Amino acid sequence: MPRSGILVIGSANMDLVATTRKFPRPGETVFGGTLGMFPGGKGANQAVCCAKLGGRTYFIGKMGSDIFRDKMAASMGHDGVDLRHLLVDRHAPTGAALIAVDGGGQNQIIVVSGSNMKLTPADIRRRRGIFARASITLLQLEIPLETIVDSARLAKRHSHLVVLNPAPARPLPKSLLRYVDVLTPNETEAEILTGLPVHHAASAEQAAQKLLAAGVGSVIVTMGRRGCLLVTPDRKRFFPALRVKALDTTAAGDAFNGALVYSLSNGSAIDSAIEFANAVAAFSVTRMGAQSSMPTMKEMNRFLARPGSPINRWASHEKNRHA
Ligand code: RIB
């Protein structure tokens, strides 16, 4: 069995999404537009992104024994994610997220973790056989920290490339960072991880240097609509984002991480993987929802071939590699 698979260990939430022209202030009531229910959760979103692009993707997570689990498992399975290692908790409900999306496509999210926080290191160890099928492990921070540390350690023991998307933000111990090959914080997360203010490329680089000194292999600081900065021990490079009209920015970071890992699992160099991830993230904000906004490779090729696409030439060069 070739080890080309992608292992995603993380959360799954049912997202309840309300659109509104403007976010309410504390104590304020505003009228909304539409209300929708979308499969989400950072781990599940990233797994779906990898799978829809065509990657062999294994997901380990924990859901409750309820209707949200039934709907999400059906949807993720339909999108091609291997769910043979999905766990079910009989007592805690499936994770849920309350999301408000404003007229500019920005969002505010409250996550109610439920069963996600019941995923234990022992759960992962009992499923350790799956590590032999993958070459990359992708992690986020919506499950218990001890499970993340143990998963990263196990992944390294299987010679995986370990990619950590440190979201939602929290300080992390060096005992985790030393296992991380690629860390992908946004600016807020980079600030919280390092204690340094991050507002522009120069301060993002300083924060990234601090993370490299803590043992991380490479850092990609994502900077929203501006793009992202790659910092490695011997170089740095800024990658501008694609210009699109945002409908819903929810899960843009998940699209970036999923596409990055998908591309790396295919043997792409990191620069080319970041360019592709930037493009997939741009595509995702033009659609509503989290998993529903992830493109297939066919959709990406069409998106990149648009007249005027800034990476049109790159797209045709890469088309064969990802076909
Ligand atoms: O990154 C977006 C995701 O964050 C949403 O799908 C929501 O469930 C939260 O986990």
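The structure reproduced in this document is the subject of the present report. (Residues numbered from 1 in each chain as written. Predicted model: local features only at pLDDT ≥ 70, side-chain atom pairs only at ≥ 80, totals over all residues. Heavy atoms only, no water.)

**Concerning the environment of leucine 145**
- On the secondary structure map, leucine 145 appears in helix H4 (residues 145-157).
- Between the alpha carbons of leucine 145 and leucine 176 there is a distance of 9.0 Å; along the sequence they are 31 residues apart.
- Leucine 145 has contacts with Arg170, Leu172, Pro173 and Leu176, leaving out every residue within four places of it along the chain. (Helix = DSSP H or I, 4+ residues; strand = E, 2+ residues; numbered from the N terminus. Contact = heavy atoms within 4.5 Å.)

**Section: the packing of helix H8 (residues 252-265) against helix H9 (residues 270-284)**
- Where H8 contacts H9, the two axes come as close as 7 Å, and the packing angle between them is 145°. Here H8 and H9 pass one another in a crossing that is right-handed. Here Ala252, Ala255, Phe256, Ala259, Leu260, Tyr262, Ser263 and Leu264 of H8 lie close against H9, whose contacting residues are Ile270, Ala273, Ile274, Phe276, Ala277, Asn278, Val280, Ala281 and Ser284.
- Among the residues making up the contact of H8 with H9, the classes are represented as 14 nonpolar, 3 polar and no charged. (Axes fitted to C-alpha atoms, helices over the stretch in contact; angles between N-to-C directions. Left-handed = near helix turned anticlockwise from the far one by under 90°. Nonpolar A, V, L, I, M, F, W, Y, C, P; charged D, E, K, R; others polar.)

**Focus on the packing of aromatic side chains**
- The tally for this structure, following the rule as stated, stands at 2 aromatic pairs.
- A centroid spacing of 6.2 Å and a plane angle of 45° characterise the contact between tyrosine 262 and phenylalanine 276, whose relative ring orientation is tilted. With tyrosine 262 in helix H8 and phenylalanine 276 in helix H9, the pair connects residues that are 14 residues apart, well separated along the chain.
- Look at tyrosine 262 and you get buried, because its relative accessible area is 4%.
- For phenylalanine 276, a relative accessible area of 2% corresponds to the buried category.
- Aromatic pair phenylalanine 283 and phenylalanine 303: ring centres 5.3 Å apart, planes at 85°, arrangement edge-to-face. Taken as a pair, phenylalanine 283 in helix H9 and phenylalanine 303 in helix H10 (residues 297-304) lie far apart in primary sequence, 20 residues in all.
- With a relative accessible area of 9%, phenylalanine 283 lands in the buried category. (Phe/Tyr/Trp six-rings, centres within 6.5 Å; stacked < 30°, edge-to-face > 60°. Buried < 20%, exposed > 50% of the residue type's maximum accessible area, 1.4 Å probe, protein only.)

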